[in-house]
Amino acid sequence: MLFNSVQFALFFIIIFFVYWSLNKRLKAQNIFLVLASWFFYGYWDWRFLFLIIFTSATSYFSGILIENSKTKSSAKAWMWSNIAINLVILGFFKYFNFFTGNLIAIANSIGWHLDEFTLNIILPIGISFYTFQAISYSIDVYKQKIPATRNIWAFFGFVAFFPQLIAGPIERAGDLLSQIEKKRTFDYDNAVVGLRQILWGLFKKAVVADTCAHYADLITLNPEFYAGSSLIVGVILIHFQYYGDYSGYSDIAVGLGRLLGINLTANFRFPMFSRSFNEFWQRWNITLMRWFRDYIYIPLGGSHCSKPRHLFNILMVFVVSGLWHGANWAFVLWGIINALLVFPAVILGIKPKKTVPVLKEIPSMIFVILVMSFVSIVMKLQSFDLVVNYFSLMSFDSGQWFIATGKTPFLFIIPMLFIEWYGRRNNFALEKLPFKTPVRYAIYWILIIAIIYGCEYDTQPYLYFQF
Amino acid sequence: MWKKIRILVLKCLVAIFPIYIIFGAYVYLDPFRVVHPSDPFFDAKDPMHIGWNKGFISTEAFKNHHQTEQYDSYIFGSSLSIGYQAEEWSKYIGKSAKIFHFDGSTESFTGIIEKIRYINKCGEAVKNALIVADPALFARDDDKKSHLFAQHPDITPQWDFIQFHWLFFKLFMNREFLTNYIDMRINGLTPEMIAAGIFTKEIPDYDIKTNEEKYPFYEKELAENEEQYYAKRDTLFARNYTDAIVLTPMFTETNVKNFKALKELFDHNSTNYKIIIHPMYKLNTLCNKDRDILYNIFGKENLYDFSGANKYSLNKHNYYDQNSHPRPELCNKLMKIVYGQYSTDSINSLKSL
């Protein structure tokens with residue numbers, strides 16, 4: 001049930017009305033929220049419902065055990081037990097074949113001949129997201145940042161909250177669980193902003209990302225059929241595909257949350273207007289990077305250590321981030337490249353800018369977009385050989401910059417960038433529309449028509465589902 | 001709270017106003033005849049000459065007529081089956097047979113299975129069946145998600161009513177289609193539109209009860225001057241080879257499972273069935289390994305392979321076009337062989353050509 005599907009629209013309309021009709025009974029509302037979330041999850045594959053229920057239950061009880069522990073060491077043991085359980089599940093479903101494959105390769109290289117052993121494992125959708133939430137809960141309870149909850153339905157709702165269950169944003173218990181535990185009130189203004197955010201997210205996903213995906217797939221699957229300069233256009237399309245897809249999904253998730261009276265964390269904050277690579281990573285997939293910051297980077301020593309150690313900590317964050325995206329050495333390479341791009345600013349002590357981007361900074365923004373586009377080809381192709389082949393075919397030869405047939409994705413990318421630029425001071429592009437009603441509605445209509453009209457190609461599943 | 005929600009809903013209903021207009025136009029105009037399908041589907045007076053989904057038409061026609069007609073014999077397959085006509089087939093299976101041509105554009109093997117299951121679900125038997133296949137049909141095991149080939153949502157579990165209509169709705173919104181469609185509604189059909197491949201001026205003769213199509217415009221042209229017909233299409237029929245193209249082994253476990261499922265369905269229905277692998281103008285044929293799989297499951301007495309290079313496929317006069325759409329004369333000859341009326345012209349002699 002994709003967010004940009006008719007099924008989801010019908011599902012959400014029903015959920016919305018039943019949810020608010022239960023508003024006077026918080027427990028019933030939370031039970032309904034959990035059941036709705038489980039239905040949403042089970043719609044993909046009901047078998048994995050047991051997995052999410054198991055993860056929720058172990059994390060819930062581990063929280064109580066951590067809090068009830070008489071000694072620090074037993075609290076720590078409970079925390080690590082829950083982390084281990086979650087990582088074993090994640091490791092099995094996501095990394096088993098990767099690890100066995102590499103183990104066999106190493107064994108074979110030193111003369112021990114092992115037979116190839118892989119399992120046909122289906123990756124449960126969204127497992128990386130809810131596992132991270134469950135792990136962070138245990139750590140936060142252990143560190144006494146939050147109390148362990150005794151409200152099991154609220155906790156199950158925190159792990160499985162359907163708007164962000166499949167592809168984030170990754171929420172902390174301190175932000176999301178605390179909202180689910182309390183009575184929600186319907187906030188009209190927030191709901192209107194939520195609807196706008198959904199509309200904008202749908203535009204980015206269904207129009208920008210899916211159109212870019214169509215061309216990006218054509219080019220990357222058969223690069224030898226295209227002029228070298230088209231391959232350069234191809235990497236830019238991949239970058240915008242990823243941006244439209246991830247940020248579109250996040251916008252829809254946050255918008256849905258607002259309609260249910262729950263504020264989720266913004267996951268993208270105009271990364272296309274980043275003026276440096278370290279600024280880019282503060283604007284792109286914010287909740288994931290914050291998770292790595294709090295649970296990997298800071299425990300490793302963060303920046304309060306020697307420069308080489310600081311660089312090592314950054315490298316580790318990006319390598320783990322790469323592996324989080326996929327069990328493949330290409331993702332590790334992707335992580336290393338990103339770390340290397342961030343290193344110069346760290347070495348020179350240049351902090352990311354906090355100011356609102358201005359026109360004269362556009363050259364540096366274009367530079368970041370171009371470099372990040374070239375990096376995204378690694379994630380797209382997920383193979384060293386294919387990446388090398390792709391780069392070897394790139395050239396500025398014929399000047400055939402655009403593919404001749406069909407609509408050009410830049411027809412959508414450029415207006416999107418203009419609108420984002422206009423709204424760059426807000427949480428998302430359309431958050432504030434200080435226009436008279438007819439103008440506002442005209443904007444909505446144009447976007448709706450663009451979504452229907454632009455939605456020409458097969459609906460693509462959200463890329464982050466695979467993570 | 002509910003007052004605020006009511007206001008929000010009302011504003012949403014205003015905000016999605018363009019959807020009503022577009023969706024209303026789709027429902028009212030129904031250019032693809034999938035919203036309110038009606039007999040006859042192929043009507044020369046109909047201004048809409050779009051390439052329609054034949055699988056959908058076949059299913060609707062079956063739904064509309066099976067109770068009155070009490071069909072018991074079916075011709076399945078893709079558009080290659082058009083030349084296999086009910087009247088001719090009835091000579092071999094009995095004049096009393098109630099025949100329905102249950103075809104679909106670029107039919108898939110699973111599509112045939114789904115259609116037979118649907119026939120059974122409607123309470124009808126499959127006493128006789130004739131499957132006309134191109135070699136690739138056996139390996140097609142899913143619906144093509146495009147407007148011409150998508151299976152009717154009533155017969156396939158692969159998608160539902162909403163997904164089916166969403167496909168057509170999106171096509172309705174396709175820029176190229178919409179522009180041409182509006183132009184056509186205002187100015188009528190022009191040669192440019194026909195050249196663009198969206199519309200056609202040629203409407204086949206359609207038998208509402210057998211769901212059979214005939215092509216009088218081709219036949220008329222052929223009758224007037226057969227040589228000129230092919231001379232006009234010389235470049236399309238151009239083929240600079242005469243050897244068969246043997247396809248690489250393509251059957252997967254899923255394909256084999258499907259073959260067995262079809263065999264079980266035929267056994268369950270006690271069906272007298274024949275499978276014809278049609279002679280393809282491109283001379284492509286199954287490899288021996290794949291053909292043997294089919295022989296093992298369906299038996300040599302039920303499966304007849306005319307594909308590859310032979311006197312039928314090498315002669316362009318057997319086809320309406322280069323896509324192997326056959327003229328009825330060719331199909332009549334093949335049916336005679338299949339039902340044992342030609343004693344001298346056996347499959348073995350064909351293979352030796």
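Residues numbered from 1 in each chain as written. Chains lettered and ligands numbered in written order. Predicted model: local features only at pLDDT ≥ 70, side-chain atom pairs only at ≥ 80, totals over all residues. Heavy atoms only, no water.

Before going further, it helps to spend a moment on the overall build of chain A. When helices and strands are tallied, chain A shows 18 helices and zero strands. Against the 2.2 N^0.38 benchmark of 23 Å for 467 residues, chain A shows a C-alpha radius of gyration of 23 Å, consistent with a compact globule. For chain A, the spread of C-alpha atoms along the principal axes amounts to about 70 × 70 × 45 Å. By the burial criterion, 58% of the 467 residues in chain A qualify as buried. Considering only residue pairs separated by 6 or more positions, chain A has 78% of its internal contacts joining residues 24 or more positions apart. Accessible surface, chain A as shown: approximately 20100 Å² in total, 69% of it carbon and sulfur. Of the charged side chains in chain A, 37 are positive and 24 negative, and the gap between their average positions amounts to 13 Å. (Helix = DSSP H or I, 4+ residues; strand = E, 2+ residues; numbered from the N terminus. Rg over C-alpha atoms; globule rule 2.2 N^0.38 Å. Buried < 20%, exposed > 50% of the residue type's maximum accessible area, 1.4 Å probe, protein only. Contact = heavy atoms within 4.5 Å. Areas by Shrake-Rupley, 256 points an atom, 1.4 Å probe, with all protein chains shown as cover. Lys, Arg positive; Asp, Glu negative; His and termini not counted. Charge placed at Lys NZ, Arg CZ, Asp CG, Glu CD.)

The next subject is the overall build of chain B. Across its full length, chain B holds 15 helices and nine strands. Out of the 353 residues in chain B, the part that is buried amounts to 52%. In chain B, 74% of the contacts between residues at least 6 apart in sequence involve partners at least 24 apart. With the model as given, the accessible surface of chain B reaches about 16400 Å², and the carbon-plus-sulfur share is 54%.

Once that is clear, we can look at the sheet that holds strand S7 (residues 272-277) of chain B. All names here are of chain B. Strand order across the open sheet formed by five strands is S2-S1-S3-S7-S9, with parallel pairing between neighbours. Pairing within the sheet leaves two strands with one partner each, and these edge strands are strand S2 (99-103) and strand S9 (303-305). Here the average twist between neighbouring strands, direction ignored, is 15°. Pairing between S7 and S9: three bridges, direction parallel. (Pairing = 2+ DSSP bridges. Axes fitted to C-alpha atoms, helices over the stretch in contact; angles between N-to-C directions.)

A word on empty space enclosed by the protein. Residues and elements named next belong to chain A. Following the criterion strictly, the structure yields six cavities of 30 Å³ or more and no others. Taken as a whole, the largest cavity holds about 150 Å³ of empty space. Surrounding the largest cavity, 17 residues form its lining, Tyr-242, Trp-281, Trp-284, Trp-334 and Met-379 being those nearest its centre. For the lining of the largest cavity, the secondary structure elements donating two or more residues are helix H10 (228-259), helix H11 (277-283), helix H12 (286-297), helix H13 (307-325) and helix H15 (362-381). It is H15 that provides the largest number of residues to the lining of the largest cavity, a total of four residues. Here the residues of the lining of the largest cavity are counted per class, giving 12 nonpolar, five polar and no charged. (1 Å grid on protein atoms, 1.4 Å probe; cavity = no way out; pocket = protein on both sides within 12 Å on 5 of 7 lines; lining within 4 Å. Points joined across faces, edges and corners; volume = space filled by probe spheres on them. Nonpolar A, V, L, I, M, F, W, Y, C, P; charged D, E, K, R; others polar.)

Let's shift gears to the pairing of S2(B). Residues and elements named next belong to chain B. S2 sits mainly inside the fold: five of its five residues count as buried. Here S2 shows no split at all, with Ile-99, His-101 and Asp-103 on one side and Phe-100 and Phe-102 on the other all buried. Where strand S1 (residues 73-77) lies against S2, five bridges are found, and the strand directions are parallel. What sits directly across from Gly-77, in S2, is Asp-103. Assessed by its sense of winding, the connection that carries the chain from S1 through helix H4 (residues 86-93) to S2 is right-handed. (Right-handed = clockwise from strand over helix to strand, strands pointing away.)

Moving on to the interface of chain B and chain A. With 26 residues of chain B at the contact, the number on the chain A side is 28 residues. If you look at where chain B meets chain A, you find zero salt bridges. At the junction of chain B and chain A, the tally comes to three residue pairs in polar contact (both at pLDDT 80 or more). When contributions to the side of chain B that touches chain A are tallied by element, the ones reaching two or more residues are helix H1 (2-15), helix H2 (17-29), helix H6 (161-172) and helix H7 (175-187) of chain B. Among the elements that line the side of chain B that touches chain A, the one with the most residues is H1(B), at 10 residues. A per-class count over the side of chain B that touches chain A returns 19 nonpolar, two polar and five charged. (Salt bridge = Lys/Arg side-chain N within 4 Å of Asp/Glu carboxyl O. Polar contact = N/O pair within 3.5 Å; in protein donor to acceptor, adjacent residues only side chain to side chain.)

This brings us to the confidence of the model for chain B. Residue and element names in this part refer to chain B. The predicted model of chain B averages 85 in pLDDT, with 90% of residues at 70 or higher. Across chain B, the element-wise mean pLDDT spans from 47 in helix H15 (residues 347-351) up to 95 in S1. Long-range and interchain partners of residues 343-353, a stretch whose pLDDT sits below 50, account for 18 contacts in this model, where long-range means more than four residues apart. Overall fold confidence for the complex sits at a pTM of 0.73, while the interface term, ipTM, reaches 0.75. (pLDDT = per-residue confidence, 0-100.)

This part takes up the pattern of salt bridges. Applying the stated criterion to the full structure yields 28 salt bridges over all chains. Ionic pairing is found between Lys205(A) and Asp210(A), a salt bridge with its closest N-O pair at 2.9 Å. Considered together, Lys205(A) and Asp210(A) belong to a single accessibility category, that of buried residues. Across the pair Lys54(B) and Asp103(B) runs a salt bridge, and its minimum N-O distance is 2.9 Å. Of this pair, Lys54(B) sits in helix H3 (residues 54-69) while Asp103(B) sits in strand S2; the two residues are 49 residues apart in sequence, bridging distant segments of the chain.

Let us now look at helix H17 (residues 410-422) of chain A. All names here are of chain A. The end-to-end C-alpha separation of H17 is 18 Å, in line with the 18 Å expected for 13 residues at 1.5 Å each. Those residues of H17 that fall on the buried side of the exposure criterion are Phe-410, Phe-412, Ile-413, Met-416, Glu-420 and Trp-421. Looking straight down H17, one finds that the buried residues subtend no more than 165° of arc, so they occupy a single side. (Expected span 1.5 Å × (residues − 1). Arc of directions from axis to C-beta.)

Okay, the packing of helix H4 (residues 72-109) of chain A against H13(A) next. Residues and elements named next belong to chain A. The interhelical angle for the contact between H4 and H13, taken along N-to-C directions, is 105°, at an axis separation of 10 Å. Here H4 lies roughly perpendicular to H13, going by the angle between them. Here Lys-94, Tyr-95 and Phe-98 of H4 lie close against H13, whose contacting residues are Leu-323, Trp-324 and His-325. Of the residues that constitute the contact of H4 with H13, the class distribution is four nonpolar, one polar and one charged. (Parallel < 35°, antiparallel > 145°, perpendicular 65-115°, else oblique.)

Right, let's get into the environment of Leu323(A). All names here are of chain A. On the secondary structure map, Leu-323 appears in helix H13. Separated by 229 residues in sequence, Leu-323 and Lys-94 place their C-alpha atoms 9.8 Å apart. Excluding anything up to four places from it in sequence, Leu-323 contacts Lys-94, Tyr-95, Phe-98, Phe-331 and Val-332.

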